[in-house]
Amino acid sequence: MKWFKRRKKLQPPEERKTVPDGLWQKCKGCGEILYRKELERNDFVCNNCGYHFRIGSREYIRILLDDGKLIEQDTDISAADPLRFDGYLKKIKEIKEKTGLNEAVATGEGKIGGFEVEFAAMDFSFVGGSMGSVVGEKVKRAILRAIEKEIPLIIVSTSGGARMQEGILSLMQMAKTGSALAELEKARIPYISILLDPTMAGVMASFSSIGDIIISEPGALLGFAGPRVIEQTIKQKLPEGFQRAPFFLEHGFVDTVVERKELKNTVTKILRFFLKKNGKM
Ligand SMILES: [Zn+2]
């Protein structure tokens, strides 16, 4: 009875590799075969067509922070399993071992262009960068440290959305991070949000989309629901490039689209602008 045969299981997003390995790598943009060492030197951007490969939080720490140094905080917070979701903790344990990361976000203090910043970088390879209680708590604490130390906040986001396995508790993180950001605004501390491919759903609908300045990498898929879900819902074909970074730039949702190699330079310029104006930092 082939009618009831299960279709081949799709590879879950977190199983997909972020940083390509192997000696050679085929570019998803132009199909060119790239030498991995060369690609690495170029911060995982194809030098033929400019395609930005997905990379992890460690790479962004190296690319953006002075000397690639983050004084990481809250590395000891770990996911609880309040809903007793089948296999959740086992899965977290496996992903921790596989990625060497402790959660889908790394937070702490570093410097960019000589300016002290509170920094957070998400990682799509950790359960699709999903936001559960740990991600929400770490981001909230980073925001509160920025307020306390009166230093700017930089968050690099990439996420498939809320972490299903924590149910409503993961949705609560949206309100939690949002209200902490309202405090940051009251304290007149600048917040630069950097969006990577993809930044979606609960993360996009909370802290990622309320930066004072919102920067996106080229080609990033951004939004709440993905294009496939929207097409199925409205039963219409979406226009070419819908929900990609240039579309958002055109519609004013993103302030600027910046190539990876220019990212640090751009953030430094923005920090200089804010800090000169503000004077107190
Ligand atoms: Zn290419």
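Residue numbering note: each chain is counted from 1, following its sequence as written. Restriction of local features to residues with pLDDT of at least 70 applies here, the model being predicted, together with a cutoff of 80 or more for giving and counting side-chain atom pairs; totals for whole chains, interfaces and linings are based on all residues.

Q: Can you help me understand the overall build of the protein chain in this one?
A: The helix and strand labels rest on DSSP assignments: H or I over at least four residues marks a helix, E over at least two residues marks a strand, and numbering proceeds from the N terminus. The secondary structure content of the protein chain amounts to nine helices and ten strands. Counting every position in the protein chain, which comprises 281 residues, the buried fraction comes to 40%. A residue pair is marked as a contact if its C-beta atoms, positioned from the backbone, fall within 7 Å. Contacts in the protein chain between residues far apart in sequence, at least 24 positions, make up 69% of those at least 6 positions apart. Put plainly, a residue is buried at 20 or more neighbouring C-beta atoms within 10 Å of its own, exposed at 12 or fewer, and partly exposed in between, counting only other residues' C-beta atoms, which are placed from the backbone.

Q: Can you help me understand unusual backbone geometry in this one?
A: Peptide bonds are mostly trans, and most non-glycine residues show a negative phi. The omega torsion of the bond from Asp 197 to Pro 198 falls at -10°, within 30 degrees of zero and hence cis. With respect to the helices and strands, the residue Pro 198 is situated in strand β7 (residues 191–200). The phi dihedral of Glu 150 is positive, around 55°, even though this residue is not glycine. Locating Glu 150 in the fold gives a position in the loop between α4 (133–149) and β6 (153–159). Despite not being glycine, Ala 201 shows a phi value in the positive range, around 50°. Considering the arrangement of structural elements, one finds Ala 201 in helix α6 (residues 201–204).

Q: Can you help me understand the domain arrangement of the protein chain in this one?
A: For interface size, the figure often reported is the accessible area lost on association. Segmentation of the protein chain into domains returns domain 1 (8–53) and domain 2 (55–278). Computed from C-alpha coordinates alone, the two centres of domain 1 and domain 2 are separated by 22 Å. Residue-level contacts link eleven residues of domain 1 with 18 residues of domain 2. Classification used: nonpolar for Ala, Val, Leu, Ile, Met, Phe, Trp, Tyr, Cys and Pro, charged for Asp, Glu, Lys and Arg, polar for all others including Gly. Partitioned by chemical class, the residues of the side of domain 1 that touches domain 2 number six nonpolar, three polar and two charged. The source of the domain bounds is an automatic or database domain assignment.

Q: Looking at this structure, how should I read the environment of Ala 187?
A: Residue placement: Ala 187 occurs in the loop between α5 (167–186) and β7. C-alpha separation for the pair Ala 187 and Cys 27, spaced 160 residues apart in sequence, amounts to 44 Å.

Q: Which parts of the structure should I look at to understand the nonpolar core?
A: Nonpolar side chains in soluble globular proteins tend to end up buried together. Core analysis: the biggest nonpolar cluster contains 61 residues, and Leu 153 and Ile 154 have the highest contact counts within it. Two domains each put at least three residues into this core: domain 1 (8–53) and domain 2 (55–278). Leaving out residues up to four positions away in the same chain, Ile 154 has contacts with Ile 112, Val 117, Phe 119, Ile 192, Ile 194 and Val 267. Note on terminology: a nonpolar core is any set of buried Ala, Val, Leu, Ile, Met, Phe, Trp, Tyr and Cys residues joined through C-beta atoms within 7 Å.

Q: Before we go on, may I ask you to explain the confidence of the model for the protein chain in this structure?
A: For residues with low pLDDT, the predicted coordinates do not support detailed interpretation. On a range of 0 to 100, pLDDT expresses the predictor's confidence in each residue. Mean pLDDT over the protein chain: 88, with 91% of residues reaching 70 or higher. Across residues 11–15, where pLDDT falls below 50, the model places eight contacts with residues more than four positions away in sequence or in other chains.

Q: Explain the pairing of strand β8 (residues 213–216) to me, please; I cannot follow it from the model alone.
A: For a regular strand, the rule is simple: side chains alternate between the two faces of the sheet. Here four bridges tie β7 to β8, and the two strands are oriented parallel to one another. Looking at β8, one finds that Ser 193 is bridged to Ile 214. Strand pairing requires that DSSP identify at least two bridges connecting the strands. Looking at chain direction, β8 and strand β10 (residues 256–257) are connected through two bridges and run parallel. Residue pairing for β10: Ser 216 is matched across the bridge by Val 257.

Q: How should helix α2 (residues 57–64) be read in this particular structure?
A: For an α-helix, 3.6 residues make a turn, and residues three or four places apart therefore share a direction. For α2, the complete set of buried residues consists of Ser 57, Glu 59, Tyr 60 and Leu 64. Buried positions in α2, seen along its axis, are confined to an arc of 155° and lie on one side of it. The arc under discussion is defined with respect to the helix axis, by the directions toward the C-beta atoms.

Q: Whenever I open this one, the packing of α4 against α5 confuses me. Can you help?
A: Relative orientation and spacing of two packed helices are given, respectively, by the angle between their axes and the distance between those axes. Orientation is described by axes fitted as lines to C-alpha atoms, over the contacting stretch for helices, and by angles from 0 to 180 degrees between their N-to-C directions. Relative orientation of the contacting elements α4 and α5 amounts to 5°, with a least axis distance of 9 Å. Viewed along their axes, α4 and α5 adopt a mutual orientation that is roughly parallel. Contacts between α4 and α5 involve Ser 133, Val 135, Gly 136, Val 139, Lys 140, Ile 143, Leu 144, Ala 146 and Ile 147 from the former and Leu 169, Ser 170, Gln 173, Lys 176, Thr 177, Ala 180, Leu 181, Glu 183 and Leu 184 from the latter. The residue makeup of the contact of α4 with α5, split by class, is ten nonpolar, five polar and three charged. Our angle categories are set so that under 35 degrees counts as roughly parallel, over 145 as roughly antiparallel, 65 to 115 as roughly perpendicular, and the remainder as oblique.

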